[in-house]
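So you can see what is in the structure, the chains are spelled out below.
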Amino acid sequence: MPLSQRDTDHVFQCLRGGTVPERGLETFAVGIERERGELHRMLELTRSGEGAVKFLRGGYGCGKTFLARLTAADAQQRGFATSFVVVSDNDLHFHRFDDVYRKVVGNLSTSACPLGALADILDRWVASVEESLIALGKDPDAPGFDAAVLAKLDEELVARTRNEVPPDFVRVVRTIFELKQKGQLADASALLSWLSGSENVASSARKLAGIKGEIQSTDALAYLRGILAIVKGAGYAGLVIVIDEAETILRMKADVRQKSLNGMRQILDAAGGFHGLLWVFTGTPDFFDTNRGVKGLQPLNDRIAFTQVDGFAPLKQPQLALKPFDQKRLKEVGMKLRSMYPTTDRARFEATVSPDYMDSLVREVSEGLRADVGVVPRQFLRRLVSVFDIVEQEPDFQPAPGKPPIEPALTHTEASLREGRPEYPPEPGDDQGYEVVNF
């Protein structure tokens, strides 16, 4: 199915800036059919009621973020809600479950609501409950209808969570519904912010629901269970949470790394009890295979260890290995993007950006960047789109090797890789591993 003009513009604007688009990825996905199929299998497993976890493993430039975003898009097409979270060493530590919760809920997305979807999901759940009561013969205009809705909401929460959500969660959900029915939308919105993990909700709004303070780390996973219940109650197949760039943990201080890896271990240990929730993490081999990372925490390493035999790795194991780009795959991506580019003269555009020119550009970018697979794909795509733009803009322009010159504009990570420097400064004790702690 062709992309809309809006999605096409989104794709090329993101590529100009060297970032992975959020939409339209399937139109230029190349060479990842088996890996994508395995993630589809995980989605169906989750749809059936399992709680599951998958790790995408690969070096820089292997397309981990691309496949992670594509998985989120595939999930939404299959009726899931999703949340895409990028790990930051400033505001996301896995032992602070309230941090994780806040990021996950704040980034909730559905096919109907691209971001901040909790309000829409809650409304859809309430609407489905109302429709079910009306189907049973309840009169929506009768005085006791709202009370019947509240009772049904309580009943569904208990059934879907086995009564394992905090009492405050139930009180807030009930109060949001009651305030909306009374037309007190500002107060309802404030409580919705509180339910999303906000720490800046006025005490007057919290008082309406009989709650104090904010969601604590010790309760956050239980609140996430409640969010999952609402997602499924709203008619979604389940929830997919993507945690991108988990290797960021390696740049943290040793004590924070230990806590974050243990927090991740606890999340994975609990995952099987979250029926209909799929976690997808992305990380580099350094994250998985060094004592500074997963290998240093034995219980976590035992849980997700990567295995291969004679260079062949099972797709169904916890870690799904992604292969680096080669020149053939880069050209295929380039040709797909050429066919997508919005041009006013298709024949001239494709004759100017010919397959032979594409071959020369692939070779030039690869050689100019020393064939560093962690750098080439992003820089190739930026360079290619700049050529597309000039060809469309200047009728007399003829692209050729060296025109325009390559300006890598490397990220800090890419520059470190190219110069052979470690991305993070080594520390004493990097090889010692970590103690097991619980939070």
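Quick caveat, the model's predicted, so the values are computed rather than measured.

Basis of the calculations
Residues numbered from 1 in each chain as written. Predicted model: local features only at pLDDT ≥ 70, side-chain atom pairs only at ≥ 80, totals over all residues. Heavy atoms only, no water. Axes fitted to C-alpha atoms, helices over the stretch in contact; angles between N-to-C directions. Helix = DSSP H or I, 4+ residues; strand = E, 2+ residues; numbered from the N terminus. Parallel < 35°, antiparallel > 145°, perpendicular 65-115°, else oblique. Left-handed = near helix turned anticlockwise from the far one by under 90°. Contact = heavy atoms within 4.5 Å. Nonpolar A, V, L, I, M, F, W, Y, C, P; charged D, E, K, R; others polar. Salt bridge = Lys/Arg side-chain N within 4 Å of Asp/Glu carboxyl O. Domains from an automatic or database assignment. Buried area = accessible area lost by both parts, 1.4 Å probe. Buried < 20%, exposed > 50% of the residue type's maximum accessible area, 1.4 Å probe, protein only. Phe/Tyr/Trp six-rings, centres within 6.5 Å; stacked < 30°, edge-to-face > 60°. Lys NZ or Arg CZ within 6 Å of the ring centre and 35° of its normal. Pairing = 2+ DSSP bridges. Arc of directions from axis to C-beta. Right-handed = clockwise from strand over helix to strand, strands pointing away.

**Re the packing of helix α2 (residues 33-47) against helix α3 (residues 64-77)**
Turning to step 1, where the next piece is worked out: As a packed pair, α2 and α3 sit with axes 10 Å apart at the nearest point and diverge in direction by 45°. Between α2 and α3, the crossing angle belongs to the class labelled oblique. As for the relative orientation of α2 and α3, their crossing is right-handed in sense. Residues Glu-35, Arg-36, Leu-39, His-40 and Leu-43 of α2 form the contact with α3, whose own contacting residues are Leu-67, Leu-70, Thr-71, Asp-74 and Ala-75.
Turning to step 2, where the next piece is worked out: Its residues assigned to classes, the contact of α2 with α3 shows 5 nonpolar, 2 polar and 3 charged.

**Brief notes about the pattern of salt bridges**
Turning to step 1, where the next piece is worked out: A full pass over the atoms with the stated rule returns 29 salt bridges.
Turning to step 2, where the next piece is worked out: Here the residues in one salt-bridge network are Arg-96, Asp-98, Asp-99, Arg-102 and Glu-199, joined through shared partners.

**As for the domain arrangement of the protein**
Turning to step 1, where the next piece is worked out: Domain boundaries assigned for the protein yield domain 1 (21-110 + 236-321), domain 2 (117-221) and domain 3 (327-419).
Turning to step 2, where the next piece is worked out: Contacts between the two partners involve 9 residues from domain 1 and, on the opposite side, 11 residues from domain 3.
Turning to step 3, where the next piece is worked out: The junction of domain 1 with domain 3 conceals about 900 Å² of combined surface from both sides, 67% of it contributed by carbon and sulfur atoms.
Turning to step 4, where the next piece is worked out: Its largest share of buried area at the contact with domain 3, domain 1 owes to Phe-28, Val-30 and Tyr-60, together 63% of the area lost on that side.
Turning to step 5, where the next piece is worked out: The interface formed by domain 1 and domain 3 holds 0 salt bridges in total.

**Here's the deal with the environment of Leu-43**
Turning to step 1, where the next piece is worked out: You can see Leu-43 is positioned in helix α2.
Turning to step 2, where the next piece is worked out: Residue Leu-43 is classed as buried on the basis of its relative accessible area of 0%.
Turning to step 3, where the next piece is worked out: As for Leu-43 and Leu-277, which are separated by 234 residues in sequence, their C-alpha atoms are 9.1 Å apart.
Turning to step 4, where the next piece is worked out: Residue contacts for Leu-43: discarding those within four places in its chain leaves Asp-74, Ala-75, Arg-78, Phe-80, Val-240 and Leu-278.

**Some remarks on the packing of aromatic side chains**
Turning to step 1, where the next piece is worked out: With the rule as written, the count across this model stands at 14 aromatic pairs.
Turning to step 2, where the next piece is worked out: Measuring from centroid to centroid gives 5.0 Å for Phe-287 and Phe-288, while their planes differ by 70°, and the two rings are edge-to-face. When sorted by exposure, Phe-287 lands in the same class as Phe-288, which is buried.
Turning to step 3, where the next piece is worked out: Through successive ring pairs, a cluster of aromatic residues spans Phe-55, Phe-94, Trp-279, Phe-281, Phe-287 and Phe-288.
Turning to step 4, where the next piece is worked out: Over the face of the ring belonging to Phe-306 we find Arg-57, whose NZ or CZ atom lies 4.2 Å from the ring centre.
Turning to step 5, where the next piece is worked out: The ring centre of Tyr-60 lies 5.6 Å from the NZ or CZ of Lys-64, which sits over that ring.

**Let's talk about the pairing of strand β4 (residues 239-244)**
Turning to step 1, where the next piece is worked out: Most of β4 is tucked away: 6 of the 6 residues are buried.
Turning to step 2, where the next piece is worked out: Residues of β4 alternate between two faces, with Leu-239, Ile-241 and Ile-243 on one and Val-240, Val-242 and Asp-244 on the opposite face, all of them buried.
Turning to step 3, where the next piece is worked out: Across 5 bridges, β4 lies against strand β5 (residues 277-283) in parallel orientation. Paired with Val-240 across the bridge in β5 is Leu-278.

**Description of unusual backbone geometry**
Turning to step 1, where the next piece is worked out: The backbone of Arg-162 sits at a positive phi, close to 55°, despite the residue not being glycine.
Turning to step 2, where the next piece is worked out: Within the element layout of this structure, Arg-162 appears in the loop between α6 (145-161) and α7 (167-182).
Turning to step 3, where the next piece is worked out: Even without being a glycine, Asp-310 presents a positive backbone phi close to 55°.
Turning to step 4, where the next piece is worked out: Looking at the element boundaries, Asp-310 is found in the loop between α13 (298-304) and β6 (319-321).

**Description of the sheet that holds β4**
The strands that make up a sheet are held in pairs by hydrogen bonds between backbone atoms, and each pair lies either parallel or antiparallel.
Turning to step 1, where the next piece is worked out: Read across the open sheet, the 6 strands follow the order β3-β2-β4-β5-β1-β6; overall the sheet is mixed. Strands at the two margins of the open sheet, each flanked by one partner only, are β3 (108-109) and β6.
Turning to step 2, where the next piece is worked out: Relative to β5, strand β1 (residues 52-57) runs parallel, the two sharing 6 bridges. Bridging from a neighbouring strand, Lys-54 pairs with Val-280 of β5.
Turning to step 3, where the next piece is worked out: Of the strands in this sheet, β1, β4, β5 and β6 are in contact with α2, which crosses β1 at around 165°.

**Things to note about helix α8 (residues 185-195)**
Turning to step 1, where the next piece is worked out: Every buried residue of α8 is listed here: Ala-188, Leu-191, Leu-192, Trp-194 and Leu-195. In a view along the axis of α8, the buried residues occupy a sector of 155°, so they form one face of it.
Turning to step 2, where the next piece is worked out: Note on α8: the residue one or two positions beyond its end, Gly-197, has a positive phi of about 100°.

**Some remarks on the pairing of β5**
Turning to step 1, where the next piece is worked out: A large share of β5 lies buried, amounting to 7 of its 7 residues.
Turning to step 2, where the next piece is worked out: Burial along β5 is two-sided: Leu-277, Trp-279, Phe-281 and Gly-283 and Leu-278, Val-280 and Thr-282, pointing in opposite directions, are all buried.
Turning to step 3, where the next piece is worked out: Handedness of the crossover is the feature at issue here: the chain leaves β4, passes through helix α11 (residues 254-271), returns alongside β5, and the resulting connection is right-handed.

**Points about the packing of α7 against α8**
Turning to step 1, where the next piece is worked out: For the pair α7 and α8, the least separation of the axes is 8 Å and the interaxial angle reads 155°. As judged from the angle between their axes, α7 and α8 are roughly antiparallel. For the crossing formed where α7 meets α8, the hand is left-handed. Between α7 and α8, the contacting residues are Asp-168, Phe-169, Val-172, Val-173, Thr-175, Ile-176, Leu-179 and Lys-180 on the first element and Leu-185, Asp-187, Ala-188, Leu-191, Leu-192, Trp-194 and Leu-195 on the second.
Turning to step 2, where the next piece is worked out: Residues belonging to the contact of α7 with α8 are distributed by class as follows: 11 nonpolar, 1 polar and 3 charged.

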